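Listed below are the residues making up each chain.
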Amino acid sequence: MLPYTAYLRVYQPITAFSPRDRRHWKRYAESEDRPKRVNALATEHAQSLGRAITTPPVIAPAEESGDAYLRRVNEHLYVCPWQTRLRSWRAFDEFSAATPQPLVEAFVPAREAERAETGYRQWRDSGAQTEPGILSSNWTIPVPWFIPFEPQERCLVLSTGSTRTLLYLTRTAQARRRLEHTVAVLRERIGEHAVSTSTERLVEWLETAAHPDSLLELDYGGLPHLLSDDQLSEDHSVAEVAEAVEALAEGDSTRMTELRKRLVRRWRSVRALEHAN
């Protein structure tokens, strides 16, 4: 888990959990010892770093995290569990699939890799849910992540401290409708091939991981610490994506292309910071 990471989170209503989990999250919400939201990301990063610098490195914690991100909307409690163990298993599974075996072994001893693979396999075989409620992206934000939101759902907090934040929050039901609309426009105006794999996966993820009454949050996470106040204030990626979709729907391909190029330039420059000294 890197400091310069963005997140897409699903917050489930407390009523969506089993009675046992519901009791746990209600106690958790009332606890004074839980990591408060302003410090939650830093706490997650510190725990992740601690596992990484241990010898040998710990791929995934032995037990699932009991922490969560919380939101209250109209007096209703919504919970987004960290699911640190599940997310760690999945991240290592993706890393192993995309990396030559000798290089994997250079980072992680074979015994630790086997232990993680066995734990994840047993989890899947148990029938437990394997889709986490949090997606992450390092150094950039995938364009499909902007589609589920509207400009008025934007929240920007400029600060030199840990509260420096840019995020969007919406109802998942609305997010799905916006995604469906975008997919329909792309297919009608460009063709079936225009719908990217990442967009299709996002639709599937929301169908699998999200309760009908849940909330969806796009959190720029650590990325605001890479950007100036002016850059953050002028970042209206959600609005630009929405405008591009409507331009395409109206047959204005010139405007759509202009907006797309603007978006690509912005996020290409942010991603380039990964390789800066």
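Residues numbered from 1 in each chain as written. Predicted model: local features only at pLDDT ≥ 70, side-chain atom pairs only at ≥ 80, totals over all residues. Heavy atoms only, no water.

Colleague: Got a minute to help me understand the pairing of strand β3 (residues 76-81) in this structure?
Modeller: Each regular strand carries side chains that alternate between the two faces of the sheet. Counting buried positions along β3 gives five out of six residues, so the element sits mostly inside the fold. Examined bridge by bridge, strand β1 (residues 5-13) and β3 share two bridges and lie antiparallel to one another. Looking at β3, one finds that glutamine 12 is bridged to valine 79. Where strand β2 (residues 68-73) lies against β3, six bridges are found, and the strand directions are antiparallel. Bridge assignment links valine 73 to a residue of β3, and that residue is histidine 76. The loop that links β2 with its antiparallel partner β3 comprises two residues; one of these, asparagine 74, has a positive phi angle of about 55 degrees. (Buried < 20%, exposed > 50% of the residue type's maximum accessible area, 1.4 Å probe, protein only. Helix = DSSP H or I, 4+ residues; strand = E, 2+ residues; numbered from the N terminus. Pairing = 2+ DSSP bridges.)

Colleague: Got a minute to help me understand the packing of helix α3 (residues 84-98) against helix α5 (residues 110-125) in this structure?
Modeller: The geometry of α3 relative to α5 is characterised by a closest axis approach of 10 Å and an angle of 115 degrees between their N-to-C directions. By crossing handedness, the relation of α3 to α5 is classed as left-handed. Only Ala113, Ala116, Glu117, Gly119, Tyr120 and Trp123 of α5 make contact with α3, whose side of the interface consists of Arg85, Leu86, Trp89, Arg90, Phe92 and Asp93. Split into classes, the residues belonging to the contact of α3 with α5 amount to seven nonpolar, one polar and four charged. (Axes fitted to C-alpha atoms, helices over the stretch in contact; angles between N-to-C directions. Left-handed = near helix turned anticlockwise from the far one by under 90°. Contact = heavy atoms within 4.5 Å. Nonpolar A, V, L, I, M, F, W, Y, C, P; charged D, E, K, R; others polar.)

Colleague: Hey, could you run me through the packing of helix α6 (residues 172-189) against helix α9 (residues 237-249) in this one?
Modeller: Relative orientation and spacing of two packed helices are given, respectively, by the angle between their axes and the distance between those axes. With their axes 9 Å apart at the nearest point, α6 and α9 run at an angle of 40 degrees to one another. In terms of orientation, α6 lies oblique with respect to α9. Classified by chirality, the crossing of α9 by α6 is left-handed. Here His181, Thr182, Val185, Leu186 and Arg189 of α6 lie close against α9, whose contacting residues are Val245, Glu246, Leu248 and Ala249. Grouping the amino acids of the contact of α6 with α9 by side-chain chemistry returns five nonpolar, two polar and two charged. (Parallel < 35°, antiparallel > 145°, perpendicular 65-115°, else oblique.)

Colleague: I would appreciate a short explanation of unusual backbone geometry in the present structure.
Modeller: Glycine aside, residues mostly have negative phi angles, and peptide bonds mostly take the trans form. Geometrically, the link from threonine 55 to proline 56 is a cis peptide bond, its omega value of -10 degrees lying close to zero. Turning to its location among the elements, proline 56 is positioned in the loop between α2 (37-53) and β2. Phi is positive for asparagine 74, close to 55 degrees, though the residue is something other than glycine. Relative to the elements of secondary structure, asparagine 74 occurs in the loop between β2 and β3. Even without glycine at this site, glutamate 75 takes up a positive phi of about 70 degrees. The topology assignment puts glutamate 75 in the loop between β2 and β3.

Colleague: Honestly, α9 in this entry has me stumped. Any pointers?
Modeller: Residues spaced three or four apart along an α-helix point in a common direction, a consequence of the helix completing one turn every 3.6 residues. With 13 residues, α9 ought to run about 18 Å at 1.5 Å a step, and its terminal C-alpha atoms sit 18 Å apart, in line with that. Of the residues making up α9, those classed as buried are Ser237, Val238, Glu240, Val241, Ala244, Val245, Ala247 and Leu248. Where the residues of α9 are buried, they touch β6 (165-171), α6 and α10 (253-271). Looking one or two places after α9, you find glycine 251, whose phi comes out positive at around 85 degrees. (Expected span 1.5 Å × (residues − 1).)

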